[in-house]
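The primary structure of each chain is shown beneath.
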Amino acid sequence: MLEHGHGLQNGFHGLWVESDDLNELSRLLRVDPDSRRQCDLETALGMYEGQWGKADVWMGPHAPGWTHILAFGLYPGHPAVLGLGPRRVFEIFCCEELGKLDPVRLYEDGRQVGDITPPYREGGVMESPEYLPYTRGLALGDTRNLKRDLHLMMCVAGRITGRFLDRDWFTSSRPFYRIPEERW
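Everything numeric here is computed off the predicted structure, so don't read it as measured data.

Moving on: the overall build of the chain. What the chain contains, in helices and strands, is 5 helices and 9 strands. When the helices and strands of the chain are listed from N to C terminus, the series reads β-α-β-α-β-β-α-β-β-β-β-α-α-β. Taken over the C-alpha trace, the chain has a radius of gyration of 16 Å; the compact-globule value for 184 residues is 16 Å, and the two agree within 12%. Each of the 184 residues in the chain was classed as buried or not, and the buried ones make up 48%. Counted over contacts in the chain with a minimum sequence separation of 6, partners at least 24 positions apart contribute 64%. Summed over all atoms, the accessible surface of the chain reaches about 9,000 Å², with 48% contributed by carbon and sulfur.

Glancing now at the pattern of salt bridges. Evaluation of the coordinates by the stated rule reveals 11 salt bridges. As a salt-bridge pair, Asp149 and Arg148 come within 2.8 Å of each other at their nearest N and O atoms. Arg163 is paired through a salt bridge with Asp166; the nearest N and O atoms lie 2.8 Å apart. Arg163 gets classed as buried once you look at its relative accessible area, which sits at 17%. According to the relative accessible area criterion, Asp166 is partly exposed, its value standing at 30%.

All right, on to unusual backbone geometry then. Of note in this structure, Arg30 is not a glycine but carries a positive phi near 60°. In this structure, Arg30 sits in the loop between helix H1 (22–29) and strand S2 (37–39). According to the relative accessible area criterion, Arg30 is partly exposed, its value standing at 38%. In this structure, Asp109 takes a positive phi of about 50° despite not being glycine. Within the secondary structure, Asp109 sits in the loop between strand S7 (105–108) and strand S8 (111–115).

Buried residues of helix H2 (residues 41–48): Leu41, Ala44, Leu45, Met47 and Tyr48, and no others. Each buried residue of H2 lies within a common arc of 160° when the element is viewed along its axis, so the set occupies one face. Where H2 is buried, its residues meet S2, strand S3 (55–63), strand S4 (66–72), helix H5 (167–171) and strand S9 (174–179).

On to H1. Those residues of H1 that fall on the buried side of the exposure criterion are Leu25, Ser26, Leu28 and Leu29. Each buried residue of H1 lies within a common arc of 165° when the element is viewed along its axis, so the set occupies one face. For H1, exposure combined with an orientation more than 90 degrees from the buried face picks out Asn23 and Arg27. Backbone nitrogen of Asn23 and a side-chain oxygen of the N-cap are separated by 3.2 Å at the start of H1; the cap is Asp21. Where H1 ends, the next residue or the one after it, Arg30, has phi of about 60°, a positive value.

We now examine the pairing of S3. Looking down a regular strand, the side chains alternate between one sheet face and the other. Most of S3 is tucked away, with 8 of its 9 residues classed as buried. Looking at chain direction, S3 and S9 are connected through 4 bridges and run antiparallel. Residue Trp58 lies in a different strand from S9, and its bridge partner there is Phe176. Note that S3 and S4 share 7 bridges and pair antiparallel. Its bridge partner being in S4, Ala63 is matched across the sheet by Trp66. Linking two consecutive strands that pair antiparallel, namely S3 and S4, is a turn of 2 residues; a positive phi of about 90° is found at Gly65 within it.

Criteria and thresholds
- Residues numbered from 1 in each chain as written.
- Predicted model: local features only at pLDDT ≥ 70, side-chain atom pairs only at ≥ 80, totals over all residues.
- Heavy atoms only, no water.
- Helix = DSSP H or I, 4+ residues; strand = E, 2+ residues; numbered from the N terminus.
- Rg over C-alpha atoms; globule rule 2.2 N^0.38 Å.
- Buried < 20%, exposed > 50% of the residue type's maximum accessible area, 1.4 Å probe, protein only.
- Contact = heavy atoms within 4.5 Å.
- Areas by Shrake-Rupley, 256 points an atom, 1.4 Å probe, with all protein chains shown as cover.
- Salt bridge = Lys/Arg side-chain N within 4 Å of Asp/Glu carboxyl O.
- Arc of directions from axis to C-beta.
- Polar contact = N/O pair within 3.5 Å; in protein donor to acceptor, adjacent residues only side chain to side chain.
- Pairing = 2+ DSSP bridges.

Structure below.
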């Protein structure tokens, strides 16, 4: 993330959505279809920069059966996130400037059903125990470290979805959309 993040180390709002259908997800997010621009991550970040209070998404294929959405201007549990329909959605929200890293939220059918944050100790307890096998070797530890903890949380999402945010993800070209304020 730090190697390719183009400033993402200051904040990250990622959604892993169990769906291959970008058109359906765009419709569910209520994007402005005319705002679509195919671009790389650096361009997407530049288009959002200075647009505080606006909502945008940069989205594309992640792994078979999964789409990754980088959200700008949405907050955890935003109605747009809850409106993604009858599927699993994993959400990671980090705001380094505030020292804030939320738990990895799990949504199903438009409601939060748990969290899949790695336990503090290897093999420890987890709110959603069916995801515990994906956390092997990923203990958060007793001392908080925002960058390390974000990395471990993203590892869990990558293990579940079958792909990590890798060099190809950071250098790919994907659709960037604006979400008009009045839509949510």
